[in-house]
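Coordinates in review
Chain residues, written in single-letter form:
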Amino acid sequence: MPKVLVASELSQAGLELLTGADGIEVCQQPVSTAEELAALVPDCDALLVRSRPAVTAEVLRAGSQLQVVARAGTGVDNIDLAAATEQGVLVVNAPTGNSVAAAEHTLAMLMALSRNIPQADADLRAGNWNRSRWVGTEVRSKVLGSIGLGRVASELVKVANELGMRVVAYDPYITDRMAAQQGVELVDLDTLLEAADFISIHVPLVDANRHLLGRTAFAKVKPTAYILNVARGGLVDEDALLEALNEGRLAGAALDVFETEPLPVDSPLLSHPAVIVTPHLGASTVEAQDRVARDVAQQVLDVLGGHQARYAVNAPIVPPRDLEYLVPYVDLATRMGNFLQKIDSRVATQVELTIHGSIADMDSAFLRAAAIQGLLSDLMEERVNVVNADRLAAQRGMNLMERRQVQHSHRYENMLTMRVTHAEDRWTVRGSVLQGIPSIVSVNDLWVEFAAEGHVLLTSHMDRPGMIGRVGTLLGNADVNISFMHVGRRAPRQEAIMVIGTDEPLSADVYDALAVLEEFVWVKSIRI
């Protein structure tokens with residue numbers, strides 16, 4: 001029974017999804033340190049965390065059974081992605097669940113800055129009535145500069161446009177057309193810094209972005225500009241920010257995240273009159289926590305059930321709509337690889353994967369990994385998945401070639417072809433998804449059509465009268481029930497292949513009786 005460790009506080013909605021799943025053991029034990037976590041993971045198949053504890057390389061080594069680490073949130077700063085990838089552990093997150101919450105919090109901070117709401121509230125509670133001291137500024141017609149134009153920023157932009165703000169953005173990964181569709185003008189970073197009245201940052205914390213807003217950036221902004229950070233601590237150089245505020249080169253700042261969290265009680269940010277702070281509340285709404293918990297819980301169940309995760313951080317990024325369309329073909333590729341491995345158990349020296357039809361326009365990384373998984377999974381103890389498939393194939397000297405044919409085949413709208421070479425031997429199998437069922441449609445370029453599952457007997461022979469009868473009689477006398485039979489041939493009385501589905505595996509005696517028939521070139525009895 002797979003065991004799931006929930007090592008952080010998780011919304012009840014996510015816990016109920018996990019505990020309600022059949023065949024899953026759930027252990028909820030929140031911890032705060034990597035050392036504590038390492039002691040709990042050795043017998044776990046899945047791990048769920050929030051921003052703490054850290055999932056270090058040591059934790060991952062201790063969790064040798066781990067298949068997936070799920071981050072209930074967006075950022076994965078607390079997870080060693082390189083170590084997880086090396087170990088073949090899938091890392092998933094919930095990038096969409098808190099987008100609205102984070103955008104709304106950013107908007108709330110922006111409004112609080114423009115109208116001095118926290119300062120006025122504190123002053124009034126101190127017994128003062130200083131209406132003239134807290135005169136604010138309207139946001140209508142002001143320029144919002146968004147550094148980054150991802151999910152959270154896109155939600156913020158929608159509201160900013162409705163408020164009558166002009167929005168400019170810097171994001172090297174977004175096209176002018178995509179920005180224009182959101183009512184945003186794309187500009188370079190310097191132009192944004194010089195033009196914006198409110199500068200909101202929405203990028204991941206990677207080395208290239210650390211202290212993105214620092215002394216150099218603050219030297220270019222208006223003295224009336226405000227800084228907003230509800231993304232990640234470390235994106236803003238806090239020392240440089242304080243210098244700019246103290247020297248009158250910035251009007252104010254609103255920060256929800258910090259370089260050190262919790263924020264030290266002696267931090268000068270807490271006492272600065274032009275700074276608004278909140279304790280990392282961007283995703284802290286009931287609705288967001290429920291969405292995030294359900295998102296990661298479902299992905300954990302999907303991975304443990306042998307399905308693809310919707311948001312894999314250390315695996316190929318495929319748009320959700322494409323991934324949903326590809327899922328049956330990913331399953332098909334795995335089954336085709338497994339079929340070929342059962343036909344010839346040697347490790348293939350060369351593998352050719354050809355993708356036919358409209359699926360050839362989609363990211364093929366999952367299909368390639370699934371094919372490798374099918375070819376290797378029965379040959380090794382190490383788990384093979386989309387994270388480590390290419391590495392494991394390379395380690396075993398497997399040369400993988402990939403081709404795409406956007407035009408669909410004359411028989412099937414979408415189809416996969418796999419060819420494997422073992423020394424002098426070559427095997428070819430084609431497959432498609434027929435009425436939702438992964439199916440093999442050709443073996444060694446002889447067209448047959450059968451569901452890629454269950455017990456299958458294959459024979460290669462020269463087409464001649466009586467062959468079907470001989471095999472059927474032999475199986476019937478052995479009390480082997482036949483579920484289907486298909487024959488593919490090049491032409492009458494030429495090379496042919498027979499595919500027979502059976503309700504149970506063949507005994508060694510029955511197989512041997514078939515294998516010695518002189519009419520057969522080869523006989524294979526496998527289970528897909």
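Residues numbered from 1 in each chain as written. Predicted model: local features only at pLDDT ≥ 70, side-chain atom pairs only at ≥ 80, totals over all residues. Heavy atoms only, no water.

**Remarks on the overall build of the chain**
Selection criterion: Counting from the N terminus, the helices are the DSSP runs of H or I reaching at least four residues and the strands are the DSSP runs of E reaching at least two. In this setup the radius of gyration rests on C-alpha atoms only. A globule is expected at 2.2 Å times the number of residues raised to 0.38. Each residue gets one of three labels from its accessible area relative to the maximum for its type: buried under 20%, exposed over 50%, partly exposed in between, using a 1.4 Å probe on protein chains only.
A count of helical and extended segments in the chain gives 17 helices and 22 strands. Relative to the 2.2 N^0.38 estimate, which gives 24 Å for 528 residues, the radius of gyration of the chain is 30 Å and therefore markedly larger than a compact globule would have. Projecting the C-alpha coordinates of the chain onto the three principal axes gives extents of approximately 105 × 50 × 35 Å. Expressed as a percentage of the 528 residues in the chain, the buried residues total 51%.

**What to know about the packing of helix α5 (residues 99-115) against helix α7 (residues 151-162)**
This is how the line gets drawn: Between N-to-C directions, angles cover 0 to 180 degrees, with each direction set by a line fitted to C-alpha atoms, over the stretch in contact for helices. Oblique is the label for any angle not under 35 degrees, not over 145, and not in the 65 to 115 range, which are roughly parallel, roughly antiparallel and roughly perpendicular in turn. Crossing handedness is defined as follows: a turn of the near helix away from the far one that is anticlockwise and smaller than a right angle gives a left-handed crossing, while the clockwise case is right-handed. Two residues form a contact once any of their heavy atoms are found within 4.5 Å. Note that Gly is not counted as nonpolar here; it falls among the polar residues with everything else outside the nonpolar set of Ala, Val, Leu, Ile, Met, Phe, Trp, Tyr, Cys and Pro and the charged set of Asp, Glu, Lys and Arg.
Across the interface, α5 lies against α7 with an axial gap of 8 Å and an inter-helix angle of 50 degrees. By the angle between their axes, α5 is oblique relative to α7. Between α5 and α7 lies a crossing whose hand is right-handed. For the pair α5 and α7, the contacting residues are S99, V100, A102, A103, T106 and L107 in the first and R151, V152, E155, L156 and V159 in the second. Residue composition of the contact of α5 with α7, grouped by class: seven nonpolar, two polar and two charged.

**Things to note about the state of the cysteines**
What counts is decided by this rule: The term disulfide is used for any two cysteine sulfur atoms that are within 2.5 Å.
The final tally for this structure, using the stated rule, is zero disulfides. With no disulfide of its own, C44 lies 6.6 Å from the sulfur of C27, the closest cysteine sulfur.

**A closer look at α5**
Quick reminder: α-helices carry 3.6 residues per turn. Residues three or four places apart thus point the same way. The condition is simple: Expected span, for any helix, means 1.5 Å times one less than how many residues it has.
For α5, spanning 17 residues, the distance from its first C-alpha to its last is 24 Å, which sits close to the expected 24 Å at 1.5 Å a residue. Burial of α5 is extensive: 12 of the 17 residues sit out of reach of the surface. Among the residues making up α5, those that are buried are S99, A101, A102, A103, H105, T106, L107, M109, L110, A112, L113 and S114. With its phi angle positive at about 55 degrees, N116 sits one or two positions after the end of α5.

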